[in-house]
Amino acid sequence: MAKGRVVTSLRNASTSATVPSTPQITTRFPLAPLPNGMLLRSLLVAGISSKRLLLIPSLKILSFLSKPDRNALLHVEKNPLIYGILKKTFYDQFCAGETGPETRRRVRQLKDLGLKGVILTYARETVFDHKTNKADVQGVDSGDISSSSVADLCPHLEEWRVGTLETANLIEEGDILAVKLTGAGPKVTQAFAEGRAPPQRFLDAIDEICAACKSRSIQVIIDAESQHFQKGIAAVCLDLMRKFNRDGSAVVYNTYQAYLKKTPSVIAEHLEAASKDGFTLGLKLVRGAYILSDDRHLIHDTKQDTDDAYNSIATGALKKQLGEFGKEGGKPFPSVNLFLASHNRESVMKANRLHQERVKNGLPTIPVGFGQLHGMSDEVSFSLLAEKDENQRSPDVYKCSTWGSMGECLAYLLRRAVENRDAVTRTTDEYSALKTEVWRRFKSTFGFSRNLGTAILESLTGPKDEKASRLPVSRIIACVRSERSVKRLSGKLSDSQIALKISTGNNVQSVKHSDVVLLGVDPADVRETLREPGLADALAGKLLISIVAGWTREQIEALLDETTTISDKDSARIWVIRTLPNIAATVSQSITAIEKPDPKLPPAYLEFTDTLFNRIGKTVHLAPSQMDAFTAVGGSTPAFFAVIVDALVDASVAVGMPRQEATATIVQSMLGTATLLQSGMHAGVLRDQGTSPEGCTIGGLMVLEEAGVRGHLGRGLREAVTIARLMGKVPHVNDTRH
């Protein structure tokens, strides 16, 4: 079974079959919730982002297009070709929508993936380029900006107020509104840059926005922006926290960028203010996203310095020990709510586990939430969701998205591309994870891994015919990873003739109550599954039957040996048998290779294994050196036969037979041929008996011989065997073979 394994017992002629699920603190398929369209688009964008030869030109194009005042040919909203390409790729990957209805649909789609909520922001902002000493409001022509800056009433401020309130109306209770204060226009940004108080109309507008959000239980994050404006932004945010964060929890959060050298001292100042004025500090921590436009000397010299700063602040906050605050003999730690926004898997996993550990042990800590950007690091988000605590509660995980016109979102899209440029390792890992998920779904659709375990369970639980009487099974425990799988199996096995229990999250306990384990996970999940604490000890003295391709008996035994805590390994030996069924197991017509086991294996274990797989077809016993060849001879040939059948059916249709009748005829002819060959008739004899002088059969056979079909089939099989032997040893072996 793709999502589990079966455990069976020979003790006293009674059996338990168990399919242990994946350990609860992780997930075997973290990207499984993604819809196919979103997954494939993510794969495309990650493929570009993980290859510098593709990413650097893309960055230059985005940077060029993001400049204001482009002519109609190069204007992203006036040139339909440029607009269409960006819309279907980068925009749809990272942004929620251009209109309210489009954005609502995307917000609902994100929340339906199992996230706690969404963080939504209105894309309009002002970006100050330190190199050119120029500020640009995204989506607004520079002429409009200059004229509005001298007007008594800046129209951009009102547009920003309305747009931000509309953004709040697109989300629901429990969601978060992210606000870019510089989107309010030049009168506000000039005040920020010059260290003056912003216009009262702006202060009234942001007060109105925060009050409206608080009344609907929506939190507000004030985004960090260009350092040219950040001091003014922080001052406004502190005043908002003083007003709205008065109930022991944060409504308003300020954003702190760990890549800035001065951030620890800024946080210390704000902790002092929170302590003095009695409000809860909303601390959202990010690494930073303005490296392309900010003054470089303000930023840490290396990425490692930034990582260290981020982890230090996160750990200190969770332990309620930051700088002089919370230390023995230091200042009392004020009320703080923490939000960690990061795509760094190590950082967020470490922080979540620290928080769970401190809660479990009754140690001081603070509330924490986690966020990743829409379209980025989905594997991190869903892995976090799987990190359940002892009460089976997931951490609060959000996806942050933006909405607005293409022009307004260009700066946002450019920063996403820059983040990928500066995190090559992460994007490469993300690309690999996406490829793995696409391949898993392909196998689930066109392969047999998803259904193999179910086929074996059905053979165990079916009517007790002559075969069943030879297999001493009295009880089955099927462990799966989701309630959805529980419902699916319950329906399929509702007529079980054997006591059946379907369980989630109880691998170790299930194995303890069983005697023989059938391991049927995807190859990539074997290490995680067998390393679950306590599993190797629970397997001591039992039989482990592997149906996993690519893992040898020696590799499995070595992995189990690493994790067991039992010192007397001879008396508590785990007996491993390697098997390879093929896709026809789903219709009980498999050919299963059983590797010749350790000579010391109890004979009853081998007999049981043979009997088990004879219930879903037939078996052959092969030496370990022949198992790779069987991967192709037994595993690839059904696909070869399918190609032959497909070609014969198409040819039958071409000469006038209806496709349905042609398919039935060809398939039955193949089945009859297989039955004749299984009866002992030699293939050459069968061929000769089907031909006659000057007949149609010999005429067709001559065409096949002249085309070299026999030789090409043989070469195809030999190539498949060669690749099977190289898989896991040579990367991308098919890329270079001829």
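Refer to the structure above for everything that follows.
On a predicted model such as this, the values are computed, not experimentally measured, just so you know.

*Asks:* Even after reading the chapter, I still don't get the overall build of the protein chain, so can you show me in this structure?
*Replies:* For the protein chain, the helix and strand inventory stands at 29 helices and 20 strands. Taking all 738 residues of the protein chain together, the buried fraction comes to 50%. Taking all contacts inside the protein chain whose residues are at least 6 apart in sequence as the whole, residues at least 24 apart take part in 76%. For the protein chain, the accessible surface area stands at approximately 34,300 Å², while carbon and sulfur atoms represent 55% of it.

*Asks:* Where do I start with helix α6 (residues 155-169) in this structure?
*Replies:* An α-helical turn contains 3.6 residues, so any two residues separated by three or four positions project in the same direction. Along its 15 residues, α6 runs 21 Å from first to last C-alpha, staying within 8% of the 21 Å computed at 1.5 Å per residue. Residues of α6 that are buried include every one of H156, L157, W160, R161, G163, T164, L165, T167 and A168, and no others.

*Asks:* How should the side chain of T167 be read in this particular structure?
*Replies:* Summarising the element assignment, T167 is placed in helix α6. Judged by its relative accessible area of 0%, T167 is buried.

*Asks:* Explain helix α9 (residues 227-244) to me, please; I cannot follow it from the model alone.
*Replies:* Given a rise of 1.5 Å per residue, 18 residues ought to cover 26 Å, and the 25 Å separating the end C-alpha atoms of α9 matches this to within 8%. Those residues of α9 that fall on the buried side of the exposure criterion are Q227, F229, Q230, G232, I233, A234, V236, C237, L238, L240, M241 and F244.

*Asks:* I would appreciate a short explanation of the nonpolar core in the present structure.
*Replies:* The tendency in soluble globular proteins is for nonpolar side chains to be buried side by side. Membership of the largest hydrophobic core comes to 81 residues, with the highest contact counts inside it found for L181, I222 and V252. Element by element, the count of residues in this core is highest for α9, at eight residues. One finds L457, V480, L493 and L518 within the second-largest nonpolar core, a separate group that totals 26 residues.

*Asks:* Help me out: how do you make sense of the state of the cysteines in this one?
*Replies:* Put plainly, two cysteines are in a disulfide when a covalent bond ties their sulfur atoms together. With the rule as written, the count across this model stands at zero disulfides. Among the cysteines around C213, which has no disulfide bond, C210 carries the closest sulfur, lying 6.6 Å off. Of the residues examined, C213 reaches a relative accessible area of 1% and is grouped as buried.

*Asks:* Which parts of the structure should I look at to understand the environment of A314?
*Replies:* Of note, A314 is situated in helix α11 (residues 303-318). Put simply, A314 and S347 are 33 residues apart on the chain and 8.5 Å apart in space, counted from C-alpha to C-alpha. Setting aside chain neighbours within four positions, we find A314 in contact with L285, L338 and L340.

*Asks:* What exactly am I supposed to notice about the pattern of salt bridges here?
*Replies:* It is possible for side chains bearing opposite charge to pair when their charged atoms get close. Under the criterion given, the structure shown has 33 salt bridges. Taking the shortest distance from any N to any O, the salt bridge between K111 and D175 comes out at 3.1 Å. Here K111, found in helix α4 (residues 100-111), pairs with D175, found in the loop between α6 and β7 (176-179); they are 64 residues apart in sequence, far enough to count as distant. For the salt bridge of R687 with D688, the shortest nitrogen-to-oxygen distance reads 3.4 Å.

*Asks:* Is there a simple way to think about a nonpolar patch on the surface in this case?
*Replies:* On the surface, F641, I644, L648, M670, L704, V709 and L713 cluster together into a nonpolar patch covering about 540 Å² of accessible area. The set of elements that each furnish at least two residues to the nonpolar patch consists of α25 (637-654) and α29 (709-726). Broken down by element, the nonpolar patch gets its largest block of residues, three residues, from α25.

*Asks:* Looking at this structure, I do not really get the pairing of β7. What am I missing?
*Replies:* The alternating pattern of β7 places I176 and A178 and L177 and V179 on opposite faces, both of which are buried. With three bridges joining them, strand β4 (residues 117-122) and β7 adopt parallel strand pairing. Residue pairing across strands places T121 opposite A178, the latter belonging to β7. Where β7 lies against strand β8 (residues 219-222), four bridges are found, and the strand directions are parallel. Bridging from a neighbouring strand, I176 pairs with Q219 of β8.

The rules behind the values
Residues numbered from 1 in each chain as written. Predicted model: local features only at pLDDT ≥ 70, side-chain atom pairs only at ≥ 80, totals over all residues. Heavy atoms only, no water. Helix = DSSP H or I, 4+ residues; strand = E, 2+ residues; numbered from the N terminus. Buried < 20%, exposed > 50% of the residue type's maximum accessible area, 1.4 Å probe, protein only. Contact = heavy atoms within 4.5 Å. Areas by Shrake-Rupley, 256 points an atom, 1.4 Å probe, with all protein chains shown as cover. Expected span 1.5 Å × (residues − 1). Core = buried A, V, L, I, M, F, W, Y, C linked by side-chain atoms within 4.5 Å. Disulfide = S-S within 2.5 Å. Salt bridge = Lys/Arg side-chain N within 4 Å of Asp/Glu carboxyl O. Patch = residues over 30% accessible without salt bridge, like charges linked within 9 Å, V, L, I, M, F, W, Y side chains within 5 Å. Pairing = 2+ DSSP bridges.

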